[in-house]
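Reading the structure
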Amino acid sequence: MSSARPRIPATVGRATRGILWTVLFAVLAAGGAGLIAQASHPPGSPSRAELTYAGDAALGARLDTATDELRVIAADVERLAQDAKTALEEIASSDSTKLQDSLSHGSEVAAAINTETNALLGSLAGLPGDEPDAVLRYSNDTLVRRAAILAALDAAASLNGHWLQVTGRAVEASQLTTLIAEHDEIVLDAAAKGRARKYAQAAATLDDAIQAVVSVQEQRTKLIAGNETTVLDEWIKRNGDYDKALQALYRALVESGGSPFTAKVVAARRAERAAFEQLPPDRRTIIVIVAEVARGGLTQAVLAIEDAHGRIDDALAEAGAAPTGSPSDSGSPAATGAASPPPG
């Protein structure tokens, strides 16, 4: 029994020393991990801003200038977007003055945007930031800003094409509504002559109305792809049927010497009434027709302009949030305590 007593303190001592060494190793491991973490910050991160300061300053200066010019383009894009919306709203109007004004103004703005964008893209030729080691030479914020500005300019460069699409579609749709309005005026003129018992003149006038429907059919072929029946097709059929029925009535009256009681006149009158009942009740049909035409490209072009507007706004937001590369920025040597890089 007496020989076992000295072993107890020895065992306890070894256990205690084991625990202490374990704690020490843990502390050293944690400290080493911290040192490794501090030493492993990649260039481009806020912790190693001194390594990208020179690149950020040089590239940031060019991006600052580009941002100022991009703001001018952004103002023009906003005006272009408004002109596109006005064109879309006024396309079904019986008064095409506002439509023509918006198209004319929009064409001037689109041309200005195209000139400004091409000039800015030219000034950015050879812009740094796409080198294989760019992530080592520039901060992430600067590279994100660079990408946002270039994406915005890419969107702006496409706007002239989109505006040409807006103009082309708007003019075509306006021509369609003009044809429809002219057709209706011709039919009203023929009806007025019929009420004045000028039946031969009324029948001849309706030749022009029938030809107007043919012109609408030709315009439909240009504007609407596919053979699916549309509201415009219904307009063409119903108005064409009515014009022919009304013309047949006037011709029957010419043959009868103006008498409304012959069998041919009575039958023609019945057919004219039946065709009249199939006509659209009001101008809302024209609005639907124009909407069908707009789906062929006008609405999509307007949305493309809005998308470009949004991209430019995003780029300007990035420009406002990104560092400019000036010594007062948080990533500059003055802020980090690092020595300033030599000139050049």
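A brief look at the structure comes next. All values derive from a computational prediction rather than experimental measurement. (Residues numbered from 1 in each chain as written. Predicted model: local features only at pLDDT ≥ 70, side-chain atom pairs only at ≥ 80, totals over all residues. Heavy atoms only, no water.)

**Section: helix H5 (residues 140-157)**
Taking 1.5 Å of rise per residue, the 18 residues of H5 would be expected to cover 26 Å, and the 26 Å separating its terminal C-alpha atoms lies within 8% of that figure. Listed in full, the buried residues belonging to H5 are Thr142, Leu143, Arg145, Arg146, Ala148, Ile149, Ala152, Leu153, Ala155 and Ala156. (Helix = DSSP H or I, 4+ residues; strand = E, 2+ residues; numbered from the N terminus. Expected span 1.5 Å × (residues − 1). Buried < 20%, exposed > 50% of the residue type's maximum accessible area, 1.4 Å probe, protein only.)

**Brief notes about the packing of aromatic side chains**
Evaluated as defined, the whole model comprises two aromatic pairs. Between the aromatic rings of tyrosine 199 and tyrosine 250, the centroid separation amounts to 6.2 Å while the plane-to-plane angle is 25°, which identifies the pairing as stacked. Separated by 51 residues along the polypeptide, tyrosine 199 in helix H7 (residues 199-223) and tyrosine 250 in helix H8 (residues 231-255) bring together distant segments of the chain. Using a relative accessible area of 12% as the deciding quantity, one classes tyrosine 199 as buried. Look at tyrosine 250 and you get buried, because its relative accessible area is 6%. The ring of phenylalanine 276 carries arginine 273 above its face, with NZ or CZ at 4.5 Å from the centroid. (Phe/Tyr/Trp six-rings, centres within 6.5 Å; stacked < 30°, edge-to-face > 60°. Lys NZ or Arg CZ within 6 Å of the ring centre and 35° of its normal.)

**What to know about helix H3 (residues 97-123)**
Taking 1.5 Å per residue as the helical rise, H3 with its 27 residues ought to reach 39 Å, and the 39 Å between its terminal C-alpha atoms agrees with that figure. Taken as a whole, H3 has its buried residues at Leu99, Ser102, Leu103, Gly106, Val109, Ala110, Ile113, Thr117 and Leu120.

**Focus on the pattern of salt bridges**
Inspection of the entire model under this criterion finds 16 salt bridges. Between arginine 71 and aspartate 68 there is a salt bridge, with its nearest N and O atoms 3.1 Å apart. In this pair, arginine 71 and aspartate 68 both sit in helix H2 (residues 49-90), three residues apart, roughly one turn of the helix. Looking at aspartate 68, the relative accessible area reads 49%, which means it is partly exposed. A salt bridge links glutamate 255 to lysine 264; its shortest N-O distance comes to 2.9 Å. Exposure class is identical for glutamate 255 and lysine 264. Each is exposed. One continuous salt-bridge network, built from bridges that share partners, spans Glu131, Asp133 and Arg137. (Salt bridge = Lys/Arg side-chain N within 4 Å of Asp/Glu carboxyl O.)

**A short note on the side chain of serine 256**
Mapped onto the elements, serine 256 comes out in the loop between H8 and helix H9 (263-277). Of the polar contacts made by the side chain of serine 256, one reaches the backbone oxygen of serine 259; its length is 2.8 Å. Not counting the four nearest positions on each side in its chain, serine 256 is found in contact with Thr262 and Val265. (Polar contact = N/O pair within 3.5 Å; in protein donor to acceptor, adjacent residues only side chain to side chain. Contact = heavy atoms within 4.5 Å.)

**Observations regarding the packing of H8 against H9**
The contact between H8 and H9 brings their axes to 8 Å, and the two run at 160°. Relative to H9, the element H8 is oriented roughly antiparallel. Viewed along their axes, H8 and H9 form a crossing whose handedness is left-handed. Note on element contacts: H9 touches H8 through Lys264, Val265, Ala268, Arg269, Ala271, Glu272, Arg273, Ala275 and Phe276, opposite Asp241, Tyr242, Ala245, Leu246, Ala248, Leu249, Ala252, Leu253 and Glu255. (Axes fitted to C-alpha atoms, helices over the stretch in contact; angles between N-to-C directions. Parallel < 35°, antiparallel > 145°, perpendicular 65-115°, else oblique. Left-handed = near helix turned anticlockwise from the far one by under 90°.)

**Structural notes on the side chain of arginine 146**
Looking at the secondary structure, you find arginine 146 in helix H5. Aspartate 130 is the oppositely charged side chain nearest to the buried, salt-bridge-free arginine 146, at an N-O distance of 4.1 Å. Aside from chain neighbours lying at most four places away, what touches arginine 146 is Leu59, Leu63, Leu127, Pro128, Gly129 and Asp130. (Lys, Arg positive; Asp, Glu negative; His and termini not counted.)

**Let's talk about the packing of helix H6 (residues 159-195) against H7**
For the pair H6 and H7, the least separation of the axes is 8 Å and the interaxial angle reads 165°. Our classification of the angle between H6 and H7 gives roughly antiparallel. Classified by chirality, the crossing of H7 by H6 is left-handed. Classifying every residue of the contact of H6 with H7 by side-chain character gives 14 nonpolar, seven polar and five charged. (Nonpolar A, V, L, I, M, F, W, Y, C, P; charged D, E, K, R; others polar.)

None of the figures reported here should be taken as evidence of function without further support.
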